Amino acid sequence: PYTLGAAVSDYDARRARWLHDNPRFPAFVAPGRPRVLVVTGSSPRRCGNADGDHVLLRAFKNKVDYCRVHGFDVFYSNAVLDAELSGFWTKLPILRALMLAHPETELLWWVDSDVVFTDMLFEPPWGKYAGHNLVVPGWDDKVYAAKSWLGINAGSFIIRNCQWSLDLLDAWARMGPRGPVRYEYGKVLGKALSDRPSYEADDQSALVYLLVTERGRWGDKTFLEGSYSLHGFWLAIVDRYEDMRRDATATPGGGGGERWPLVTHFVGCKPCGGQYASYEASRCRRGMERALNFADDQILRLYGFEHESLNTTAVRRVRNDTGGPLDADDVEIGRLLHPTFRAA
Ligand code: UDP
Ligand code: MN
């Protein structure tokens, strides 16, 4: 059967040895603070619609902004590393290659190209996941009881650099080779899951399938995160940004919690083109504009600017340019400019 590559054994011990031999590249950059690599990507080809590559650029700028604030590395892939695993399946070989090349990385965080970070301050609660190797947005009852392919979302998930994860990627990838294998597994998934229309196997359904059919093997180390928006469905979010911003400003939280969705994910929008879009392109495009501007405002304000509205690229100055630039003492701005949670 298909494999992602040479079988790797004893990886945890090998990695531990490497970390011991390379103390300048610790897997934890501070106590309780894992080294995180955010991984994203898009097709090697240019987008199928005129606006797509511009949207991808802005969506990547958004990820760069988020990663800079939090001190995460970021990797953008434009390559399909394994021709068998084309399309959305391509994230699997990318994650494996990065895992093996970067033993110093403790956690890899895959985000789809159509994911927009919309709370630039919030960061996943790493400590909560110390005993888990995979963190996926989802709900226990929807996965294990309802066996729904929508019980998780595979557009934003966190995976630990360890043997368990390599094994998972292997088991997962077996359902992905394009052509007859992917097609036949589509039928298997359709039968095993409760609500999946019949079409070729997709990575999200395949992961639900593994959790449902081999819960003993994978379930214990998989954390289904539903307490904040590790993935947030765009339709329920994009018209509410102004309200959320107003409400959060009225009652500033103590920090730690999510002020508004961490992620707005444009599921089904295909911003780069493609035949399977499930929503009207203009609606998607308007939503993306608003999400990107909402996130960008959180960055621009640090420098004294903001968008005139969430619906336009035009910006205006919101702080006077002064001769005493370091005198202002704005707590909210300081939290993002010089975050204390970030390692030295
Ligand atoms: N993708 C990639 N290379 C490819 C095709 C897809 O890296 O050649 C990634 C890209 O990040 C994309 C993701 O796979 O966002 C999943 O596809 P999409 O977001 O369109 O699926 P949806 O979220 O709508 O289900
Ligand atoms: Mn997506």
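The model shown is predicted, which means the values in this text are computed figures rather than measured ones.

**Some thoughts on the site of ligand 1**
Within the structure, ligand 1 sits among 16 residues, and Gly41, Ser113, Asp114, Gly268 and Lys270 are positioned closest to it. Separating an oxygen atom of ligand 1 from a side-chain N or O atom of Lys270 is a distance of 2.8 Å. Protein contacts shield 81% of the accessible area of ligand 1, which totals 530 Å² for the unbound molecule. Classifying every residue of the shell around ligand 1 gives five nonpolar, eight polar and three charged.

**So, the packing of aromatic side chains**
By the definition in use, this model includes 20 aromatic pairs. Ring centres of Tyr129 and Phe223 lie 5.2 Å apart, and the angle between their planes is 70°; on these two criteria the pair is classed as edge-to-face. Placement of Tyr129 in the loop between strand S6 (115-117) and strand S7 (134-137) and of Phe223 in strand S9 (residues 222-225) is noted, with a sequence separation of 94 residues between them. Each member of the pair, Tyr129 together with Phe223, is buried. On the basis of an interplanar angle of 75° and a centroid distance of 5.4 Å, the ring pair of Trp164 and Trp218 is categorised as edge-to-face. Taken together, the residues span a long stretch of sequence, with Trp164 in helix H5 (residues 163-173) and Trp218 in helix H8 (residues 215-218) at a distance of 54 residues. For the pair Trp164 and Trp218, a shared accessibility class is recorded, and that class is buried. Of the aromatic side chains, those joined through ring pairs into one cluster are Tyr66, Phe72, Trp109, Phe117 and Trp126.

**Concerning the coordination of the manganese ion (ligand 2)**
Protein ligation of the manganese ion (ligand 2) involves Asp112 (OD), Asp114 (OD), Asp114 (OD) and His265 (NE2), the donor distances falling in the range 2.1 to 2.5 Å. Within one chain, the residues serving as donors to the manganese ion (ligand 2) are arranged as D-x1-D-x150-H. Separated by 153 residues along the polypeptide, Asp112 in the loop between strand S5 (107-111) and S6 and His265 in strand S10 (residues 263-265) bring together distant segments of the chain. With relative accessibility at 17%, the residue Asp112 sits in the buried group.

**As for the nonpolar core**
Within the largest apolar cluster, 43 residues are counted, with the highest numbers of intra-cluster contacts made by Leu168 and Trp172. Elements that contribute at least two residues to this core include exactly strand S3 (36-41), helix H3 (91-101), S5, S7, helix H4 (140-145), strand S8 (156-160), H5 and helix H7 (203-213). Discounting chain neighbours no more than four positions away, the residues touching Trp172 are Trp89, Leu92, Phe157, Asp203, Ala206, Leu207 and Leu210. By size, the runner-up hydrophobic cluster in this structure holds 28 residues, among which are Phe72, Phe122, Leu230 and Ala295.

**Structural notes on the sheet that holds S9**
Read from one edge of the open sheet, six strands run S4-S3-S5-S8-S7-S9, paired in mixed fashion. Looking along the sheet, the strands with just one partner apiece sit at the ends: strand S4 (73-77) and S9. Averaged over all pairs of adjacent strands, the angle between their axes in this sheet comes to 20°, without regard to strand direction. Alignment of S7 against S8, held across two bridges, turns out to be antiparallel. The residue of S8 that forms the bridge with Val135 is Ile158.

Parameters and conventions
- Residues numbered from 1 in each chain as written.
- Chains lettered and ligands numbered in written order.
- Predicted model: local features only at pLDDT ≥ 70, side-chain atom pairs only at ≥ 80, totals over all residues.
- Heavy atoms only, no water.
- Near = heavy atom within 4 Å.
- Polar contact = N/O pair within 3.5 Å; in protein donor to acceptor, adjacent residues only side chain to side chain.
- Areas by Shrake-Rupley, 256 points an atom, 1.4 Å probe, with all protein chains shown as cover.
- Nonpolar A, V, L, I, M, F, W, Y, C, P; charged D, E, K, R; others polar.
- Phe/Tyr/Trp six-rings, centres within 6.5 Å; stacked < 30°, edge-to-face > 60°.
- Helix = DSSP H or I, 4+ residues; strand = E, 2+ residues; numbered from the N terminus.
- Buried < 20%, exposed > 50% of the residue type's maximum accessible area, 1.4 Å probe, protein only.
- Donors = N, O, S within 2.8 Å, 3.2 Å for Na, K, Ca; no water.
- Core = buried A, V, L, I, M, F, W, Y, C linked by side-chain atoms within 4.5 Å.
- Contact = heavy atoms within 4.5 Å.
- Pairing = 2+ DSSP bridges.
- Axes fitted to C-alpha atoms, helices over the stretch in contact; angles between N-to-C directions.

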